[in-house]
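Observations on the three-dimensional arrangement
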Protein chains: 2
Amino acid sequence: MQTNQASKIFEALSSDVRLDIFRLLVRYAPGGLVQGDIARELGIPSTNLSFHLKAIVHSGLVDVEREGRFMRYKANIPLMLEIVAYLTEECCSGNPEACQRFRDASPARHILPRRLD
Amino acid sequence: MQTNQASKIFEALSSDVRLDIFRLLVRYAPGGLVQGDIARELGIPSTNLSFHLKAIVHSGLVDVEREGRFMRYKANIPLMLEIVAYLTEECCSGNPEACQRFRDASPARHILPRRLD
DNA sequence: GACATATATCAACTGATGTTGAATTATCAA
DNA sequence: TTGATAATTCAACATCAGTTGATATATGTC
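Just so we're clear, the structure is a prediction, and the values are computed from it rather than from any experiment. (Residues numbered from 1 in each chain as written. Chains lettered and ligands numbered in written order. Predicted model: local features only at pLDDT ≥ 70, side-chain atom pairs only at ≥ 80, totals over all residues. Heavy atoms only, no water.)

So, about the layout of surface pockets. Residues and elements named next belong to chain A. As a volume, the largest pocket reaches approximately 160 Å³. Surrounding the largest pocket, Gln5, Lys8, Glu11, Ala12, Arg18, Ala55, His58 and Ser59 form its lining. Contributions of two or more residues to the lining of the largest pocket are made by α1 (3–12) and α4 (46–59). When residues in the lining of the largest pocket are grouped by element, the largest group, four residues, is from α1. The residue makeup of the lining of the largest pocket, split by class, is two nonpolar, three polar and three charged. (1 Å grid on protein atoms, 1.4 Å probe; cavity = no way out; pocket = protein on both sides within 12 Å on 5 of 7 lines; lining within 4 Å. Points joined across faces, edges and corners; volume = space filled by probe spheres on them. Helix = DSSP H or I, 4+ residues; strand = E, 2+ residues; numbered from the N terminus. Nonpolar A, V, L, I, M, F, W, Y, C, P; charged D, E, K, R; others polar.)

Regular strands place side chains that alternate from one sheet face to the opposite one. Residue and element names in this part refer to chain B. The pairing of strand β1 (residues 33–34) with strand β3 (residues 70–75) spans two bridges and is classified as antiparallel. Across the sheet, Leu33 pairs through a bridge with Tyr73, a residue of β3. Pairing of strand β2 (residues 62–67) with β3, which is carried by six bridges, proceeds in the antiparallel orientation. Across the sheet, residue Glu65 finds its bridge partner in β3, namely Arg72. Linking β2 to β3, which pair antiparallel, is a turn of two residues; within it Gly68 sits at a positive phi near 65 degrees. (Pairing = 2+ DSSP bridges.)

Let us look at empty space enclosed by the protein. Evaluated as defined, the whole model comprises one cavity of 30 Å³ or more. Estimates place the volume of the largest cavity at around 40 Å³. Contributing to the lining of the largest cavity are A:Phe10, A:Ile83, A:Val84, A:Leu87, B:Phe10, B:Ile83, B:Val84 and B:Leu87. Sorting the residues of the lining of the largest cavity by element identifies α5 (77–88) of chain A together with α5 (77–88) of chain B as the ones contributing at least two each. Considered class by class, the residues forming the lining of the largest cavity number eight nonpolar, no polar and no charged.

Taken together, the contact pairs 46 residues of chain B with 46 residues of chain A. Between chain B and chain A, a total of about 4,500 Å² is buried, with carbon and sulfur atoms accounting for 68% of that surface. Summed over the shared surface of chain B and chain A, the number is two salt bridges. As a salt-bridge pair, B:Arg23 and A:Glu89 come within 3.3 Å of each other at their nearest N and O atoms. (Contact = heavy atoms within 4.5 Å. Buried area = accessible area lost by both parts, 1.4 Å probe. Salt bridge = Lys/Arg side-chain N within 4 Å of Asp/Glu carboxyl O.)

Superposition record for chain B on chain A: RMSD 0.0 Å, screw rotation 180 degrees, translation along axis 0.0 Å. In symmetry terms, the pair is related by a two-fold rotation axis. Most of the interface of chain B is mirrored in chain A: 100% of its interface residues are interface residues there too. (Least-squares fit on C-alpha atoms with pLDDT ≥ 70 in both.)

Close to DNA strand D lie 22 residues; A:Thr47, A:His52, B:Gln35, B:Gly36 and B:Ser50 are nearest. Atoms of DNA strand D within 4 Å of the protein belong to the sugar or the phosphate in 66% of instances, the rest to bases. One nitrogen or oxygen atom from the side chain of A:Asn48 is found 3.3 Å from a phosphate oxygen belonging to DNA strand D. The contact in question runs from a phosphate oxygen of DNA strand D to an N or O atom on the backbone of B:Met71, over 3.2 Å. Only α4 of chain A together with α3 (35–42), α4 (46–59) and β3 of chain B provide two or more residues apiece to the surface near DNA strand D. Tallied by class, residues from the surface near DNA strand D come to six nonpolar, ten polar and six charged. (Near = heavy atom within 4 Å. Polar contact = N/O pair within 3.5 Å; in protein donor to acceptor, adjacent residues only side chain to side chain.)

Let us look at the packing of aromatic side chains. Evaluated as defined, the whole model comprises one aromatic pair over all chains. On the basis of an interplanar angle of 15 degrees and a centroid distance of 5.9 Å, the ring pair of A:Phe10 and B:Phe10 is categorised as stacked. Of the two residues, A:Phe10 is situated in helix α1 and B:Phe10 in helix α1 (residues 3–12); the pairing between them involves two chains. For A:Phe10, a relative accessible area of 2% puts it in the buried group. Here the guanidinium or amino end of A:Arg23 rests over the ring plane of B:Tyr86, the centre of that ring lying 3.6 Å away. (Phe/Tyr/Trp six-rings, centres within 6.5 Å; stacked < 30°, edge-to-face > 60°. Buried < 20%, exposed > 50% of the residue type's maximum accessible area, 1.4 Å probe, protein only. Lys NZ or Arg CZ within 6 Å of the ring centre and 35° of its normal.)

Before going further, it helps to examine the packing of α5(A) against α5(B). Two quantities define a packed helix pair, namely the angle between the axes and the distance from one axis to the other. Relative to each other, α5(A) and α5(B) sit at 180 degrees, their axes nearing to 11 Å. Viewed along their axes, α5(A) and α5(B) adopt a mutual orientation that is roughly antiparallel. Note on element contacts: α5(B) touches α5(A) through B:Met80, B:Val84, B:Leu87 and B:Thr88, opposite A:Met80, A:Val84, A:Leu87 and A:Thr88. Of the residues that constitute the contact of α5(A) with α5(B), the class distribution is six nonpolar, two polar and no charged. (Axes fitted to C-alpha atoms, helices over the stretch in contact; angles between N-to-C directions. Parallel < 35°, antiparallel > 145°, perpendicular 65-115°, else oblique.)

Below, the structure written as structure tokens:
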């Protein structure tokens, strides 16, 4: 992963609308959702939804495919995992005890990386 | 974590410059770095660095404290962990096998969440 | 082919972001 | 208190992002 790709991915997650969309698709992975489902679920007008979906797809975080007259969107889970790894890379370099303490103290403990590194 | 706070955090990571800064500070956690160190390490002019540091601090992802005439910046690792949890929450809801497969297939396997939830 | 539905594109506007150089403030050291 | 260094603020500019309504395209159904 390169800084430039990573920052584009974070940019895709930097609007409320797109973050809601992405998290919805994460929940519905691996099957994905059709655009109309997303619109209904989140109450976003179709014009605006098209705009934001295009942005997320462009970042690579979401994939699309046509399905008749519907467009099906699926979260790119492998890329999501990669970017988590990229962000946490070499955390507390040379001080694994400090790093372990951070994880132990987190309320999200149970879903955190085994190591951050 | 609320969508709005989360999207602001991702916005803080959505520029190359800020992402480089943050990852540098993650590496140097928990001690942090002084602004001049960051400037030297990344080659960013001081005016611009001030601008971006202010933005990251405002997001909560980084903390500052004065240290004589220096400003020391430290990555907020607990918040970083929280946002990773937020992003991956309820991944593949109702299909834990699919989720496990994603993790097993990832080249970043060793640093990924135990479960994505 | 004609119609209905799903989605995309376009134009327009508003407001925010990133960068730079010059000037300013704050702190330490002599 | 003077000078040196660290960091911030300011003004100016260029660029880009988000939203909306109107219009266009694509696909399935009759």
